[in-house]
Structure formats: structure tokens, C-alpha cells
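Below, each chain spelled out in residue letters.
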Amino acid sequence: MAANSFMVPLGTPAPAFDLTAIDGGSVSLKDLEGAPATLIAFLSNHCPYVRRIEDGIGALAKDYGARLSMVAICSNDSVNYPDDDPAHLAEQAQRAGFTFPYLLDETQEVAKAYRAACTPDFFLYDADLRLVYRGEFDSARPGNKEPVTGASLRAAIDAVLEGKPVPQEQNPSIGCGIKWKPGNEPA
């Protein structure tokens with residue numbers, strides 16, 4: 001069932017995290033500090049909305065390189081959704097050309113802290129780690145023929161990197177609702 005992002009208020013500070021990566025290392029928000037722009041992307045392997053744009057996400061990371069600090073986080077219940085377990089996420093990262101850390105939010109507390117609602121759900125922060133964009137990658141969706149360009153997110157990243165304001169009118173991301181562990185759904 002499709003869900004929209006919650007559209008967290010702009011200016012919200014990035015919540016701290018320290019998560020295990022699918023390769024076994026760990027990454028924290030502090031590891032991302034110092035970049036002119038930081039992107040936190042909530043993704044999953046099984047979701048057709050993510051699958052539709054995953055190659056575009058990999059291309060975006062390569063295009064911006066070191067100018068953009070980026071991580072992906074999977075918060076889904078991998079017991080009930082085994083396509084989102086670490087082995088399948090590693091396959092996705094390989095398939096899509098992800099060059100950024102892919103992190104596991106097994107307690108789902110990070111998703112709650114960010115108010116992530118769906119996969120994909122994108123949160124872009126400025127150099128001060130204040131939220132400047134939350135919303136769609138582009139207008140490509142499963143079942144439509146829109147090209148995967150990342151136009152919406154790229155426009156926001158470009159504005160941050162150029163020191164310009166990011167437009168405040170932003171379209172929410174739409175995707176598969178986060179698969180909460182039983183009894184762990186946010187209030």
C-alpha cells in the first residue's frame with residue numbers, strides 16, 4: 001500500500017544515529033558532518049517504488065561524489081520481509097551501483113526519529129545539518145513512463161551546493177510504507 005512522506009518541517013535538525021552497515025561496519029551522523037550537503041535516504045529492496053528509481057539513486061551518488069555525504073537506511077522488519085535482510089540489501093547495492101553506506105535500523109528508532117514514512121523517503125540537510133528538502137526523487141513511479149532523472153532531489157542538492165535557498169514548495173515522496181515490527185508502529 002502506497003504511503004506519502006510526512007513532510008517534516010524544514011529547518012529540523014538531523015537526528016543523531018549510529019547504525020550497522022550491511023558490510024558490518026558502522027556509521028553515525030557524526031561521520032557525515034562537514035559536508036556541504038547530507039542526504040539520508042530511507043530505502044528497501046522489495047519496494048517497487050524504490051526498484052523503479054534505484055539505478056537513478058546510484059547515479060546521483062556517483063554524480064555528486066564527495067560534494068554530497070550520503071547514506072541509505074533500511075528500517076523494514078526483515079523477519080516478515082526477508083527481501084530486506086542484509087544479504088538482499090547487498091545484492092541491491094551491487095545491482096544499483098550504490099557507492100554509499102547502506103545501514104540497518106533494526107530497532108526502527110531512527111526511522112521514528114526522522115519521521116520516515118515510506119521507502120523511498122529522502123531527507124536533505126545543509127552544512128549545519130538542518131533539513132532543507134524532504135520529498136520525491138522525481139516523478140517516476142511504478143506504472144508510469146516518466147524518466148528516472150532525480151530532477152526534484154537534484155534541484156535541491158544543486159541549490160544547497162550553490163548556496164542558494166531550496167524552494168519551500170516540495171512534493172512528498174510516495175512509496176511502500178515502512179514495514180514496522182509488530183507493536184512497533186509509531187504513535
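Up top is the structure these notes are about.
Residues numbered from 1 in each chain as written. Predicted model: local features only at pLDDT ≥ 70, side-chain atom pairs only at ≥ 80, totals over all residues. Heavy atoms only, no water.

Just to check I follow, could you spell out the packing of helix 2 (residues 48–64) against helix 5 (residues 151–161) for this structure?
Helix-helix packing is characterised by the crossing angle of the two axes and by the distance between the axes. Two elements in contact, helix 2 and helix 5, have axes separated by 12 Å at closest approach and are oriented at 15°. Considering their axes alone, helix 2 and helix 5 lie roughly parallel with respect to each other. When you trace helix 2 past helix 5, the crossing you get is right-handed. Here G56, A59, L60, D63 and Y64 of helix 2 lie close against helix 5, whose contacting residues are L153, R154, I157, D158 and L161. Of the residues contributing to the contact of helix 2 with helix 5, the split by class is six nonpolar, one polar and three charged. (Axes fitted to C-alpha atoms, helices over the stretch in contact; angles between N-to-C directions. Helix = DSSP H or I, 4+ residues; strand = E, 2+ residues; numbered from the N terminus. Parallel < 35°, antiparallel > 145°, perpendicular 65-115°, else oblique. Left-handed = near helix turned anticlockwise from the far one by under 90°. Contact = heavy atoms within 4.5 Å. Nonpolar A, V, L, I, M, F, W, Y, C, P; charged D, E, K, R; others polar.)

Would you take a moment to explain the sheet that holds strand 10 (residues 174–177) for this structure?
Hydrogen bonds between backbone groups are what pair the strands of a sheet, and the pairing can be parallel or antiparallel. Ordered by their spatial adjacency, three strands build an open sheet running 1-10-7, and the pairing between neighbours is antiparallel. The outermost strands of the open sheet, each flanked by one partner alone, are strand 1 (2–4) and strand 7 (118–119). Where strand 1 meets strand 10, three bridges bridge the pair, whose relative direction is antiparallel. Within the sheet, the bridge partner assigned to N4 lies in strand 10 and is I174. Helix-sheet contacts for helix 2 involve strand 1, strand 7 and strand 10, and the interaxial angle to strand 10 is about 130°. (Pairing = 2+ DSSP bridges.)

Sorry if this is basic, but what is going on with the environment of M70 here?
By the element assignment, M70 lies in strand 5 (residues 68–74). Residues within four places of M70 in sequence aside, it is in contact with L39, A41, I57, L60, A61, F100 and P101.

Is there a simple way to think about the state of the cysteines in this case?
Covalent bonding between the sulfur atoms of two cysteines is what defines a disulfide. Counting across every chain of the model gives one disulfide. Shown here is the disulfide that connects C47 with C176, its sulfur atoms set 2.4 Å apart. On the S-S bond that ties C47 to C176, the torsion sits near 90°, and the link is right-handed. Separated by 129 residues along the polypeptide, C47 in the loop between strand 4 (37–42) and helix 2 and C176 in strand 10 bring together distant segments of the chain. Both residues of the pair, C47 and C176, count as buried. In this structure C74 is a free cysteine whose sulfur lies 10 Å from that of C47, the closest cysteine sulfur available. (Disulfide = S-S within 2.5 Å. Buried < 20%, exposed > 50% of the residue type's maximum accessible area, 1.4 Å probe, protein only.)

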